[in-house]
Amino acid sequence: TLEQRADIFMARKSYPDAVDFYRRALKERGNADAALWNKLGIAYQQQMDYRAARRAYQQAVRYGKTFAEPWNNLGTTYFLEDKVKKSIKFYQRAIKINSANASFHLNLGTSFYYRKKFAEAVEEYRTALTLDPNVLTDRSSVGTVLQARGADAKYYFYLAKVFASLGRAEEAVRYLRRAFEDGFKDLKSLDEDSDFQKI
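To keep things clear, this report deals only with the structure shown in the data block. In this text the structure is predicted, and so the values were computed from the model without any measurement.

## Side note on the overall build of the protein
Part 1 of the reasoning: From N to C terminus, the protein includes 12 helices and zero strands.
Part 2 of the reasoning: Each helix and strand of the protein, ordered N terminal to C terminal, gives the series α-α-α-α-α-α-α-α-α-α-α-α.
Part 3 of the reasoning: Counting only C-alpha atoms, the protein reaches 60 × 30 × 25 Å along its principal axes.
Part 4 of the reasoning: Here the protein holds 199 residues, and 51% of them are scored as buried.
Part 5 of the reasoning: In the form shown here, the protein has an accessible surface area of approximately 10400 Å², with 47% of it arising from carbon and sulfur atoms.
Part 6 of the reasoning: Looking at charge distribution, the protein has the averaged site of its 34 positive side-chain charges lying 7 Å from that of its 25 negative ones.

Structural data, given as structure tokens:
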């Protein structure tokens, strides 16, 4: 099908071709397919055409009232354009529709982290990892997951804290080691943190 061909182009990272075939598939189906609009948005987003991506995601929301992924993806487009504060409301809307999606919580946590709302970030990361222990390594085909852009030592410290709070000592130590490698020096915070005392 046209959609399957578009999916193949996405897998090959041939995004302009994917856009072309998703558009053809939409035309063939009468433009009312929310999942296709969402896929088209992801293809545009991969090309860093955030305005076109947002238009596609807005169409996905229009045709899929209970479809949470386009709300998440709208948030991601704003985050990637350094409009972090604006991204938060879109992630929260996605979570309101589907609170069981770990990647939504991960993205919201990342936005909170960049807004220096560390307690909220830790809580969202904890929720994400409770819902899906592999959320930091998995990728979704329908919802975009943020990568930590220019992550600093403090970011890795907070990830280590989350893993420690979940009793996942091996991952906690790995992220803590990365924090130290990147210059983390606040040993007092580490010694006094109740989450790290658990491990």
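## Description of the environment of isoleucine 8
Part 1 of the reasoning: Assignment of secondary structure puts isoleucine 8 in helix H1 (residues 2-11).
Part 2 of the reasoning: With a relative accessible area of 43%, isoleucine 8 lands in the partly exposed category.
Part 3 of the reasoning: When the C-alpha atoms of isoleucine 8 and alanine 18 are compared, they prove to be 7.8 Å apart, with 10 residues separating the residues in sequence.

## What about the packing of helix H3 (residues 34-46) against helix H4 (residues 50-63)?
Part 1 of the reasoning: Between H3 and H4, the shortest axis-to-axis distance is 8 Å and the interhelical angle comes to 165°. As summarised for this structure, H3 and H4 are arranged roughly antiparallel, according to the angle between their axes. For the element pair H3 and H4, the recorded crossing hand is left-handed. Of the residues in H4, those in contact with Ala34, Trp37, Asn38, Leu40, Gly41, Ile42, Tyr44 and Gln45 of H3 are Tyr50, Ala52, Ala53, Ala56, Tyr57, Gln59, Ala60 and Tyr63.

## Quick notes on the pattern of salt bridges
Part 1 of the reasoning: Applying the stated criterion across every chain, the model contains 14 salt bridges.
Part 2 of the reasoning: Two residues, lysine 39 and glutamate 3, come together in a salt bridge whose shortest N-O distance is 2.8 Å. Residue lysine 39 is found in helix H3, and its partner glutamate 3 is found in helix H1; the two are separated by 36 residues along the sequence.
Part 3 of the reasoning: Taking relative accessible area as the criterion, glutamate 3 reaches 16% and is therefore assigned buried.

Reading the values: rules and limits
Residues numbered from 1 in each chain as written. Predicted model: local features only at pLDDT ≥ 70, side-chain atom pairs only at ≥ 80, totals over all residues. Heavy atoms only, no water. Helix = DSSP H or I, 4+ residues; strand = E, 2+ residues; numbered from the N terminus. Buried < 20%, exposed > 50% of the residue type's maximum accessible area, 1.4 Å probe, protein only. Areas by Shrake-Rupley, 256 points an atom, 1.4 Å probe, with all protein chains shown as cover. Lys, Arg positive; Asp, Glu negative; His and termini not counted. Charge placed at Lys NZ, Arg CZ, Asp CG, Glu CD. Axes fitted to C-alpha atoms, helices over the stretch in contact; angles between N-to-C directions. Parallel < 35°, antiparallel > 145°, perpendicular 65-115°, else oblique. Left-handed = near helix turned anticlockwise from the far one by under 90°. Contact = heavy atoms within 4.5 Å. Salt bridge = Lys/Arg side-chain N within 4 Å of Asp/Glu carboxyl O.

None of this, on its own, says anything about what the molecule does.
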